[in-house]
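Fold and contact review
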Amino acid sequence: MNELIDIFRALADPTRLRVVALLREMELAIGELAVVLDQSQPRVSRHVRILVEAGVVERRREGSWVFLRIPEGTPVGNIIGEADKWPFSAREALVIAHDARRLAAVREERVAAAERYFAEHAAEWDAIRSRHVAESEVEAAMLAMMHNRRLGHLLDIGTGTGRMAEIFAPTARRITALDRSPEMLRIARAKLEGQPVPVDLLQGDFLNLPVADSSVDSIVIHQALHFAHEPDRVIAEASRVLRGGGHLLVVDFAPHEDEELRNLAAHARLGFSDAQIRGWLASAGLLLETTQALEGGELAVKLWLGRRRSDEDQSPASEGAQSKRLAA
């Protein structure tokens, strides 16, 4: 009873109701809320604190930004989900319409910021893309390899601009897109708005995923493993959060000697061999199901699809030892 009283007390304020209405539309940073509401950031922060303490809103930090959202799958989320049925007066409807227009401006600014970032880094990305086959060919191969496999809750590790989450959204049940960079997550947020499935954007490191054990059905690591100084630990951490029978798709370069990529794009590893990937997967309890090479240009792109061992998989003791030798 006390919990319900706290919820309704938190909602018993015009500004906080406006905040809730806005967060039903999309996740917003406190600064963005202040712009839409045309109020000072400290004042908005006070209202947000009340909503957070009552469990109506939850916070998520990305670098120096704090994003807010309505929690899903909770009693308060169900209450807020009925907001469309609330009897707003004509004056209140005008306020909501005004907020909607200002919210559209926030969306436009996000897109504009993403475009500015792309423009600033276009030459760098073009220089890397020119070294291998067209990205469209890589994406087509990824979709084909995951075809008829249950994506379920998909984790996109190193989401960058959110492109992988975008192409897999039509066949996934839910997507968590993770990246270390708050700036990249803001770009991904602009790209991924309006997808057909729920998309959660999460800041985190691929060596310490902020995800529960055995909680996702599939994982994609696209052109991110080469940034890892300890790629075996990245694969082991991915295996930790993958359910039994789930799939891990790694897409990266085959071994190469293009040292310029260390300076141009901070690559820690110059590609990976099948033996390395197979060994790391096996050590993490994953079976390498299939591989594919995409030749063209200076660099070959490789796809490795692993599957998390389930109870019915029988693994000879010798396989683990052999895998460790291959990884070394």
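For the structure itself, consult the block above.
These remarks concern the structure in this document. (Residues numbered from 1 in each chain as written. Predicted model: local features only at pLDDT ≥ 70, side-chain atom pairs only at ≥ 80, totals over all residues. Heavy atoms only, no water.)

So, about the layout of surface pockets. The computed volume of the second largest pocket comes to approximately 810 Å³. Residue lining of the second largest pocket: 34 residues in total, with Glu27, Arg69, Glu72, Val199 and Asp200 positioned closest to the centre. Counting only elements with at least two residues in the lining of the second largest pocket, the list comes to helix 2 (14–25), helix 5 (75–81), strand 4 (153–157), strand 5 (174–179), helix 9 (182–192) and strand 6 (199–203). Residue contributions to the lining of the second largest pocket peak at 4 residues, all from strand 6. (1 Å grid on protein atoms, 1.4 Å probe; cavity = no way out; pocket = protein on both sides within 12 Å on 5 of 7 lines; lining within 4 Å. Points joined across faces, edges and corners; volume = space filled by probe spheres on them. Helix = DSSP H or I, 4+ residues; strand = E, 2+ residues; numbered from the N terminus.)

Glancing now at the nonpolar core. Membership of the largest hydrophobic core comes to 32 residues, with the highest contact counts inside it found for Met142, Phe168, Ile175, Leu249, Val301 and Leu303. Secondary structure elements with two or more residues in this core: helix 7 (135–146), helix 8 (163–168), strand 5, helix 9, strand 6, strand 8 (242–253) and strand 10 (301–308). With 5 residues, the single largest contributor to this core is helix 7. Excluding anything up to four places from it in sequence, Leu249 contacts Met142, Met145, Met146, Ile219, Val220, Ile221, Leu303, Trp304 and Leu305. (Core = buried A, V, L, I, M, F, W, Y, C linked by side-chain atoms within 4.5 Å. Buried < 20%, exposed > 50% of the residue type's maximum accessible area, 1.4 Å probe, protein only. Contact = heavy atoms within 4.5 Å.)

Together, Arg43, Arg46, Arg49, Arg59 and Arg61 make up a region of like positive charge exposed at the surface. Breaking the positive patch down by element, the ones donating at least two residues are helix 4 (41–53) and strand 2 (58–62). When residues in the positive patch are grouped by element, the largest group, 3 residues, is from helix 4. For Arg43, the location among the structural elements is in helix 4. (Patch = residues over 30% accessible without salt bridge, like charges linked within 9 Å, V, L, I, M, F, W, Y side chains within 5 Å. Areas by Shrake-Rupley, 256 points an atom, 1.4 Å probe, with all protein chains shown as cover. Salt bridge = Lys/Arg side-chain N within 4 Å of Asp/Glu carboxyl O. Lys, Arg positive; Asp, Glu negative; His and termini not counted. Charge placed at Lys NZ, Arg CZ, Asp CG, Glu CD.)

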